[in-house]
Structures are given as structure tokens and as C-alpha cells.
Amino acid sequence: MGIENRVALVTGGTGGLGGAVSVELLNSGVRVAVSYRSAAEWESLKNKAGERGQNLLGIQADLTSAEEVKIMVAQITTRWGRLDFFVALAGAFAAGKSYETEDGMWDKMIDLNLRTLLVPLREVVPVLVQQNFGRIVTTSSGSILRGGGAGIAAYAVTKGAVRQLSEILADELAAHDIHVHCILPGTMDTEANRKAMPKADFSKWVKTEDVARTIRTLLDDDTRAVRSVSVPILG
């Protein structure tokens, strides 16, 4: 079947990275559903999609709400009759040393970086299993490589959990032709990051378009022999 006419759910699909991934997949002939929280970001993505917007579906949803996620997945399968790809990009960053981070921030990082993956998986995986086909791409962080994470403890721990969960999922789902890949990007060149770090050398940051192309490659049939891989994307 190839990648054309497949159906993808991209959570966080209107953000800095999500927008680039959504457009890349749309340009590759994929029908794309995105979850979003910001109406302004959704309108921006629709404008970027242009004539390919007919293959774009936006669903405002809280990814930590089991009920809202259930409705979201049902909307996708009702519209297109299937769901092939789950690209989990939703997440957030926070700095702080492990012994100084308050409980509320630990809870926030668990919700935004881990629970936004766990809750959709409960609805998405049964659809993929029934089809006996699927591709899942999760998002960890290059900051956790080689034991990194000092000073960004809650973020690093939750992103490390995403990587571990991805490896577990790959083994659990191998019998159903469902592949699970995990990307580990370095600091990405997004508007939000530029505002947060205005004195940084942006030329050394990872381009969101490069990450988007990597994700597209992981979803393509050309990589069907690769069941599970963690991919650092460090620029």
C-alpha cells in the first residue's frame, strides 16, 4: 500500500514540530488527523496545508482524558475507516534539579510527557491490532543520551520513560506487524525555543523539517524490516 492514503494521528500536531510533521505527511499523500489545544495553532496549520487541507482533520482534545481520546479516535476511524500511524509528539519542557523540583511539576511532566502517550495508546493499539498493521513513533529527547538530564530532572525522567515504553511496546506488538520507533531530538529550532533562548546559536539547533523527514522515513514501507529503533536526531 505504501505511505499514500494511509491514515495518521499526530498528537501535538499543530505545534512547532507537529506542524512540520503534519505538513510533511500531507505532502506525502497521508491523511492526517491532529489533536490540538490552541485554536490559533489549528488555524495556522490549516493555512499551511493549503489545498491538501481536504486530507486534514483537527480535533480539539485533552490527551490526558480517556473519554476525550476515545471520542477522538472514533472520529478518525469513522471518517477514514482505519488508522495506520500514531505519531506522538505532544509534550512539554521544564528545568529543575531532581531534589528541588516540586511535586506539582513532577506531576505536570508525567501528565504532559508520559500520560499524553499512555492514554491514546489504549485506544489506538486495539485498532492497529485488529488491522494487523501499524506504525508508532514516540518522542523522547536527545538530552537523556549518555546519562544526561542534570538540571532538567523531571523532563529527562519522563522522556526516558517514553523511550523505555517504546521498546516494551515493540516487543508486545511484534506479532501484529506493528512497529514502534522512538526519536530523540536535540534542541529544535522552533519559535518557542528562540524566544526562550534568544542568545543561543540557532544554526546548531535541529530543524523541525529534518525531524519530520526522519519520521516520514520511519513510517515508510522502505523501513518495514526495522521493527524497533531509537533514533537520535541531534543536528
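Residues numbered from 1 in each chain as written. Predicted model: local features only at pLDDT ≥ 70, side-chain atom pairs only at ≥ 80, totals over all residues. Heavy atoms only, no water.

J.: Could you clarify how one ought to interpret the overall build of the protein in this entry?
T.: Counting its regular elements, the protein contains seven helices and seven strands. Ordered by position in the sequence, the α and β elements of the protein form the string β-α-β-α-β-α-β-α-β-α-β-α-α-β. Taken over C-alpha atoms, the radius of gyration comes to 17 Å for the protein, in line with the 18 Å a tight globule of 235 residues would show. Counting all 235 residues of the protein, 49% fall into the buried class. For the protein, the exposed area adds up to about 11,200 Å²; of that, 48% sits on carbon and sulfur atoms. Positive and negative side-chain charges of the protein, numbering 26 and 27 respectively, have mean locations separated by a distance of 3 Å. (Helix = DSSP H or I, 4+ residues; strand = E, 2+ residues; numbered from the N terminus. Rg over C-alpha atoms; globule rule 2.2 N^0.38 Å. Buried < 20%, exposed > 50% of the residue type's maximum accessible area, 1.4 Å probe, protein only. Areas by Shrake-Rupley, 256 points an atom, 1.4 Å probe, with all protein chains shown as cover. Lys, Arg positive; Asp, Glu negative; His and termini not counted. Charge placed at Lys NZ, Arg CZ, Asp CG, Glu CD.)

J.: Explanation requested: the sheet that holds strand 7 (residues 228–233) in the structure shown.
T.: Picture the strands of a sheet paired through backbone hydrogen bonds; they go either parallel or antiparallel. With parallel pairing, the seven strands of this open sheet are ordered in space as 3-2-1-4-5-6-7. On the outer flanks of this sheet lie strand 3 (56–60) and strand 7, each paired with one strand and no other. Across the sheet, the mean angle separating the axes of adjacent strands is 15° when strand polarity is ignored. Inspection of the sheet shows strand 6 (residues 178–185) paired to strand 7 by six bridges, in the parallel sense. The residue of strand 7 that forms the bridge with L184 is P232. Helix 5 (residues 153–173) rests against strand 5 (134–139), strand 6 and strand 7 of the sheet, and its axis sits at about 160° to strand 6. (Pairing = 2+ DSSP bridges. Axes fitted to C-alpha atoms, helices over the stretch in contact; angles between N-to-C directions. Contact = heavy atoms within 4.5 Å.)

J.: What's the story with the packing of helix 4 (residues 103–131) against helix 5 in this structure? I'm lost.
T.: A pair of packed helices can be characterised by two numbers: the angle between their axes and the separation between those axes. Here helix 4 crosses helix 5 at 15°, and the two axes come no closer than 8 Å. With respect to helix 5, the axis of helix 4 lies roughly parallel. For the element pair helix 4 and helix 5, the recorded crossing hand is right-handed. For the pair helix 4 and helix 5, the contacting residues are W106, M109, I110, N113, L114, L117, L118, L121, V125 and V129 in the first and A153, A154, Y155, V157, T158, K159, A161, V162, L165, L169 and L173 in the second. Its residues assigned to classes, the contact of helix 4 with helix 5 comprises 18 nonpolar, two polar and one charged. (Parallel < 35°, antiparallel > 145°, perpendicular 65-115°, else oblique. Left-handed = near helix turned anticlockwise from the far one by under 90°. Nonpolar A, V, L, I, M, F, W, Y, C, P; charged D, E, K, R; others polar.)

J.: Looking at this structure, how should I read unusual backbone geometry?
T.: Positive phi values are uncommon outside glycine, yet R146 reaches one of about 55°. Along the chain, the position of R146 falls in the loop between strand 5 and helix 5. Exposure remark for R146: the relative accessible area of 79% places this residue in the exposed category. A positive phi angle is found at D177, which is not glycine, with a value near 55°.

J.: How should I be thinking about the packing of aromatic side chains in this particular structure?
T.: Each aromatic ring pair is summarised here by two numbers: the centre-to-centre distance and the angle between the ring planes. Considering all chains together, one arrives at three aromatic pairs under this definition. Each ring, one from F93 and one from Y155, has its centre 4.9 Å from the other, and the planes form 65°; the classification is edge-to-face. Within this pair, whereas F93 is found in the loop between strand 4 (85–88) and helix 4, its partner Y155 is found in helix 5, the two being separated by 62 residues in sequence. On the accessibility criterion, Y155 (12% relative accessible area) is buried. Each ring, one from F202 and one from W205, has its centre 5.0 Å from the other, and the planes form 50°; the classification is tilted. Per residue, the accessibility class of F202 equals that of W205, and both read buried. R6 extends its terminal NZ or CZ atom over the ring of F133, reaching a point 4.0 Å from the ring centre. (Phe/Tyr/Trp six-rings, centres within 6.5 Å; stacked < 30°, edge-to-face > 60°. Lys NZ or Arg CZ within 6 Å of the ring centre and 35° of its normal.)

J.: Help me understand the packing of helix 1 (residues 16–27) against helix 2 (residues 39–49), please; the structure alone is not making it clear to me.
T.: Put simply, helix 1 and helix 2 touch, their axes get as near as 10 Å, and they point 30° apart. Classified by the interaxial angle, the pair formed by helix 1 and helix 2 is roughly parallel. At the point where helix 1 passes helix 2, the crossing takes the right-handed sense. Note on element contacts: helix 2 touches helix 1 through L45, K48 and A49, opposite G19, S22, V23 and L26. In terms of residue class, the contact of helix 1 with helix 2 is made up of four nonpolar, two polar and one charged.

Worth remembering: the numbers are spatial, not functional.
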